[in-house]
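Chain by chain, the residues:
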Amino acid sequence: MSANNTKLGIVYHKDYLIHTQGHHPERKERLEHITSALENRGISEKLTMIDPVPASVDDIALVHDSGYIKTIEEACNSGQRNLDMDTYIVPESYRVALLSAGGVLTGLRGVMGIGPDIVFALNRPPGHHAERSRAMGFCLFNNIAIAAEVAKRDYGLKRIAVVDWDVHHGNGTQHAFEDDPEVLFISTHQSPAYPGTGHLKEVGRGTGEGLTVNIPMPPGSGDIEYGLIFDQVIIPVLDQFQPELLLISSGHDAYRHDPLAGMSLTHQGFYDMADKLRQAAEKHCQGRVLLCLEGGYHLEGQAGAVIQVLNAMGNFGLPVTERSPDLDPTRHAQARLEEVLQVQRKYWSL
Ligand SMILES: [Zn+2]
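Residues numbered from 1 in each chain as written. Predicted model: local features only at pLDDT ≥ 70, side-chain atom pairs only at ≥ 80, totals over all residues. Heavy atoms only, no water.

Side note on the packing of helix 4 (residues 93–112) against helix 5 (residues 143–155)
At a closest axis distance of 9 Å, the pairing of helix 4 and helix 5 adopts a crossing angle of 45°. Between helix 4 and helix 5, the crossing angle belongs to the class labelled oblique. The handedness of the crossing between helix 4 and helix 5 is right-handed. Residues Ala97, Ser100, Ala101, Val104, Leu105, Leu108, Arg109 and Met112 of helix 4 pack against Asn143, Ile146, Ala147, Val150, Ala151 and Tyr155 of helix 5. Residues belonging to the contact of helix 4 with helix 5 are distributed by class as follows: 11 nonpolar, two polar and one charged. (Axes fitted to C-alpha atoms, helices over the stretch in contact; angles between N-to-C directions. Helix = DSSP H or I, 4+ residues; strand = E, 2+ residues; numbered from the N terminus. Parallel < 35°, antiparallel > 145°, perpendicular 65-115°, else oblique. Left-handed = near helix turned anticlockwise from the far one by under 90°. Contact = heavy atoms within 4.5 Å. Nonpolar A, V, L, I, M, F, W, Y, C, P; charged D, E, K, R; others polar.)

What follows is the structure in structure tokens.
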């Protein structure tokens with residue numbers, strides 16, 4: 001219980017609730033459950049609250065085509081309701097999307113400046129599926145990719161690690177940095193599942209070859225399997241890459257009851273992943289971690305997962321109320337781990 005109360009910050013704005021549509025899984029209630037859980041579990045007073053500043057169009061254009069940015073603005077202004085089958089907009093969505101990306105950037109300025117070492121942006125809409133010129137999978141602008149680009153532009157960072165533990169592959173983020181030697185992208189995701197990318201043999205290309213680490217995991221994978229992947233792949237890769245900043249695409253849809261996926265992570269599993277990454281950040285980048293919200297559609301489950309991620313990041317010592325039984329990893333998961341190791345041993349000592 002050695003919590004330094006100023007160490008951990010969260011970014012939040014009530015306007016993040018404006019972008020919402022009925023019973024769509026990516027709706028405002030996701031965030032409302034998280035903020036009430038923060039109150040109920042008594043965590044709020046341990047956190048520094050940070051108000052987001054909207055991103056500029058120039059910031060967004062580091063990752064997205066300017067024509068695409070304009071299209072989103074015009075679609076929202078025109079009252080259009082959907083960008084594709086999955087991705088809705090409301091008239092205010094463009095402004096909220098700038099505030100969502102801006103929330104992650106405001107968090108970045110805190111982490112890189114005199115703010116808390118660790119910031120979790122509780123922002124919406126999410127971003128990791130958004131491609132350079134295409135909205136996808138509930139995402140308009142790729143918030144975390146924009147943050148990585150701004151970290152390079154404004155702070156001159158040369159080694160940025162992005163870990164994406166959302167249950168879906170972060171296709172937009174991978175594509176933004178596939179040939180970039182300064183950004184390491186590591187994704188755990190259910191396979192097969194939406195969006196179908198993130199094959200283990202997608203390893204980056206050109207000067208970025210070896211800096212895309214895809215870890216597709218069989219449905220049903222839980223705390224034990226994720227623990228194995230973190231211990232045998234993700235942490236050793238981070239130890240060798242030695243990031244100057246750690247970014248986390250924190251989706252919570254690998255939670256065991258998530259309605260859009262089929263994984264088995266419990267709150268203990270989320271605590272463990274966050275704890276391992278916090279320790280890696282302390283070792284390599286003065287504890288600097290910036291997390292942003294991606295998916296997670298079981299309202300109570302996701303809120304509990306966020307609490308445990310903050311618990312681990314802030315070293316608060318709160319009890320973890322849910323854990324999986326101590327089983328051995330499934331044979332299927334072990335076989336997949338071997339395949340990942342085989343591919344990645346070309347680039348890392350594993
Ligand atoms: Zn997801």
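Having seen the model, we can carry on.
Some points on the sheet that holds strand 5 (residues 183–190)
Within the open sheet, the eight strands sit side by side as 2-1-3-8-7-4-5-6. Their pairing is parallel. The sheet terminates laterally at strand 2 (48–50) and strand 6 (212–217), the two strands that pair on one side only. In this sheet, adjacent strand axes meet at a mean angle of 15° when their direction is disregarded. Of the strand pairs in this sheet, strand 3 (residues 118–121) and strand 8 (residues 289–293) are connected by four bridges, and their pairing is parallel. (Pairing = 2+ DSSP bridges.)

Topic: the packing of aromatic side chains
Using the criterion set out here, one finds four aromatic pairs in the structure. Measuring from centroid to centroid gives 6.4 Å for Tyr12 and Tyr16, while their planes differ by 80°, and the two rings are edge-to-face. By the burial criterion, Tyr12 is buried, and Tyr16 matches it. An aromatic cluster of at least three residues, connected via ring pairs, comprises Tyr68, Tyr94 and Phe141. Between the NZ or CZ atom of Lys46 and the centre of the ring of Phe316, over which it lies, the distance is 5.4 Å. (Phe/Tyr/Trp six-rings, centres within 6.5 Å; stacked < 30°, edge-to-face > 60°. Buried < 20%, exposed > 50% of the residue type's maximum accessible area, 1.4 Å probe, protein only. Lys NZ or Arg CZ within 6 Å of the ring centre and 35° of its normal.)

Some words on the coordination of the zinc ion
The protein atoms that coordinate the zinc ion are Asp166 (OD), Asp166 (OD), His168 (ND1) and Asp253 (OD), at distances of 2.0 to 2.7 Å. Of note is the zinc ion, whose four donor atoms meet at the metal with angles of 53 to 156° in an arrangement that counts as irregular. Between consecutive donors of the zinc ion, the numbers of intervening residues give the motif D-x1-H-x84-D. In this pair, Asp166 sits in the loop between strand 4 (160–164) and helix 6 (171–177) while Asp253 sits in the loop between strand 7 (245–250) and helix 8 (267–284), placing the two residues 87 residues apart along the sequence. Of the two residues examined, Asp166 and Asp253, each falls in the buried class. (Donors = N, O, S within 2.8 Å, 3.2 Å for Na, K, Ca; no water. Tetrahedral: all angles 85-135°; square planar, octahedral: opposite > 155°, others 65-115°.)

Section: the pairing of strand 7
Strand 7 sits mainly inside the fold: six of its six residues count as buried. The pairing of strand 4 with strand 7 spans five bridges and is parallel. Note on strand 7: the bridge partner recorded for Ala161 is Leu246. Note on the crossover from strand 7 through helix 8 to strand 8: the handedness is right-handed. (Right-handed = clockwise from strand over helix to strand, strands pointing away.)

As for the pattern of salt bridges
Considering all chains together, one arrives at 25 salt bridges under this definition. Between Lys276 and Asp231 there is a salt bridge; the shortest N-O distance is 2.9 Å. Separated by 45 residues along the polypeptide, Lys276 in helix 8 and Asp231 in helix 7 (residues 223–241) bring together distant segments of the chain. Each of the salt bridges in this network shares a partner with another, and the network as a whole consists of Lys7, Asp275, Arg278 and Glu282. (Salt bridge = Lys/Arg side-chain N within 4 Å of Asp/Glu carboxyl O.)

Thoughts on the layout of surface pockets
In this structure, the largest pocket encloses a volume near 180 Å³. Lining the largest pocket are 14 residues, and of these Ser191, His199, Leu200, Pro216 and Arg336 lie nearest its centre. Among the elements of the structure, strand 5 and helix 10 (331–344) are those that each provide at least two residues to the lining of the largest pocket. Here the lining of the largest pocket is built from residues that sort into four nonpolar, seven polar and three charged. (1 Å grid on protein atoms, 1.4 Å probe; cavity = no way out; pocket = protein on both sides within 12 Å on 5 of 7 lines; lining within 4 Å. Points joined across faces, edges and corners; volume = space filled by probe spheres on them.)

A look at helix 1 (residues 29–40)
With 12 residues, helix 1 extends 16 Å between its outermost C-alpha atoms, agreeing within 8% with the 16 Å of an ideal straight helix rising 1.5 Å per residue. Residues of helix 1 that are buried include every one of Arg30, Leu31, Ile34, Ala37 and Leu38, and no others. Along the axis of helix 1, the buried residues cluster in a sector spanning 125°; they form a single face. Away from its buried face, by an angle of more than 90 degrees, helix 1 presents the exposed residues Glu39 and Asn40. (Expected span 1.5 Å × (residues − 1). Arc of directions from axis to C-beta.)

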